[in-house]
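Architecture and fold: a report
So the chains spell out like this:
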Amino acid sequence: MILKFNNRTHKIILQGLFYLPLLFNLSKADEKHHKYQDDEEVVLWMNTVGPYHNRQETYDYYSLPFCKGTSTKKHVRPHENIGDALQGIEFVFSGLDIKFKKNVEATEYCKINLHEGNYEEMVHAINHHYWYQAYIDDLPIWGIVGEIADDKNYMIWTHKKFEIGYNKDRIVDVNLISENKELLKPRKEITFSYEVVWTESDIEYKHRFEKYLDPTFFQHRIHWFSIFNSFMMVIFLVGLVSMILIRTLKKDN
């Protein structure tokens, strides 16, 4: 079969070949390729919140009365694999305006009014040592919701300070520091703020996850109850299958 093209068809094909590299470059201009230009947007994804002593119990970050930043851009990040869905990972755009290599001084970004309902939610979260997880360029960071002071009052952290290390055009290190404790009271207005500090780093991009494997940085707690629960489930299933097989063999005889 021989295909024939007229001059107009040739022109369309040539234009397509010309714009194809441009489209390819545009497709790389996102966080999946982990390369940024100066002042390019860096997305902070909020993930889940839950009690520190039960890592399997997690909730959406905004199930607590937190508020989003002022950015009006729309960002939706779907699950990249089935593991994200099974682990309950739910990325939600924080609304904070973060640009590559651009420092941000302490800036207020939202306020909440504590009525009786969401005050009790915050108190419950602090009583159960709730902590939350977020991601910047696929690097995880953790923060604590609040703490109980020596005088038994409930305090909430209202300032997030992000220290981000970069090596050339890549992000290689992220730290979150919670600051500015404020007393929780019903019908009180709470103001949240954030700060971003960029620092040049010698860490190579391929080694940026190594600190999470260091036991001195991240304590790998053994969940004995989960292990025992799984072990008992296996024994139960083995016993059930064995019983079914024995009854089936007896009927065959």
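Owing to the predicted nature of the structure, the values given are computational and were not obtained by experimental measurement.

1. Digging into the packing of aromatic side chains
The geometry of an aromatic ring pair is captured by two quantities: the separation of the ring centres and the angle between the planes. Within the structure shown, the criterion is met by 17 aromatic pairs. Summarising the aromatic geometry, the rings of Tyr-59 and Tyr-130 are spaced 6.4 Å apart at their centres and angled 10° between planes, so their arrangement reads as stacked. A residue pair is termed long-range when its members are at least 10 positions apart, and Tyr-59 in strand β2 (residues 59–60) and Tyr-130 in strand β5 (residues 130–136) qualify at 71 residues. Relative accessible area serves as the criterion here: at 36%, Tyr-59 is assigned to the partly exposed category.

2. Describing the pairing of strand β9 (residues 170–183)
Pairing analysis gives 12 bridges linking strand β8 (residues 154–167) to β9, with the strands arranged antiparallel. Note on β9: the bridge partner recorded for His-159 is Glu-179. In sequence, β8 turns back onto β9 through a hairpin of 2 residues, with Lys-168 there showing a positive phi of about 60°.

3. Here we look at the state of the cysteines
Tallied over the full model, the rule gives 1 disulfide. Each sulfur of the disulfide joining Cys-67 and Cys-110 lies 1.8 Å from the other. Judged by the torsion about the S-S bond (65°), the Cys-67/Cys-110 disulfide is right-handed. Taken together, the positions of Cys-67 in the loop between β2 and α2 (82–86) and Cys-110 in strand β4 (residues 104–113) put the pair 43 residues apart, joining distant regions of the chain.

4. Examining helix α3 (residues 116–127)
Helix length check: α3 (12 residues) gives 16 Å between terminal C-alpha atoms against 16 Å at 1.5 Å per residue, within 8%. For α3, the secondary structure elements touched by its buried residues are β4, β5, β7 (146–148) and β8. Of the residues one or two after α3, His-129 is the one with positive phi, at around 55°.

5. Considerations on unusual backbone geometry
Even without being a glycine, His-34 presents a positive backbone phi close to 60°. Residue class for His-34 comes out buried when judged on its relative accessible area of 10%. Phi at Asp-39 is positive, roughly 70°, even though this residue is not glycine. The topology assignment puts Asp-39 in the loop between α1 (7–27) and β1 (44–51).

6. Observations concerning the nonpolar core
One finds Val-145, Phe-162 and Ile-171 to be the most contacted residues of the largest nonpolar core, which totals 45 residues. Discounting residues that sit within four places of it in the chain, Val-145 has contacts with Val-49, Leu-64, Phe-66, Met-122, Ala-125, Ile-126, Tyr-130, Trp-131, Tyr-132, Ile-156 and Trp-157. Ranked by size, the runner-up nonpolar core spans 6 residues in total, among them Val-43, Trp-45, Phe-93 and Tyr-135.

Thresholds, definitions, all that
- Residues numbered from 1 in each chain as written.
- Predicted model: local features only at pLDDT ≥ 70, side-chain atom pairs only at ≥ 80, totals over all residues.
- Heavy atoms only, no water.
- Phe/Tyr/Trp six-rings, centres within 6.5 Å; stacked < 30°, edge-to-face > 60°.
- Helix = DSSP H or I, 4+ residues; strand = E, 2+ residues; numbered from the N terminus.
- Buried < 20%, exposed > 50% of the residue type's maximum accessible area, 1.4 Å probe, protein only.
- Pairing = 2+ DSSP bridges.
- Disulfide = S-S within 2.5 Å.
- Expected span 1.5 Å × (residues − 1).
- Contact = heavy atoms within 4.5 Å.
- Core = buried A, V, L, I, M, F, W, Y, C linked by side-chain atoms within 4.5 Å.

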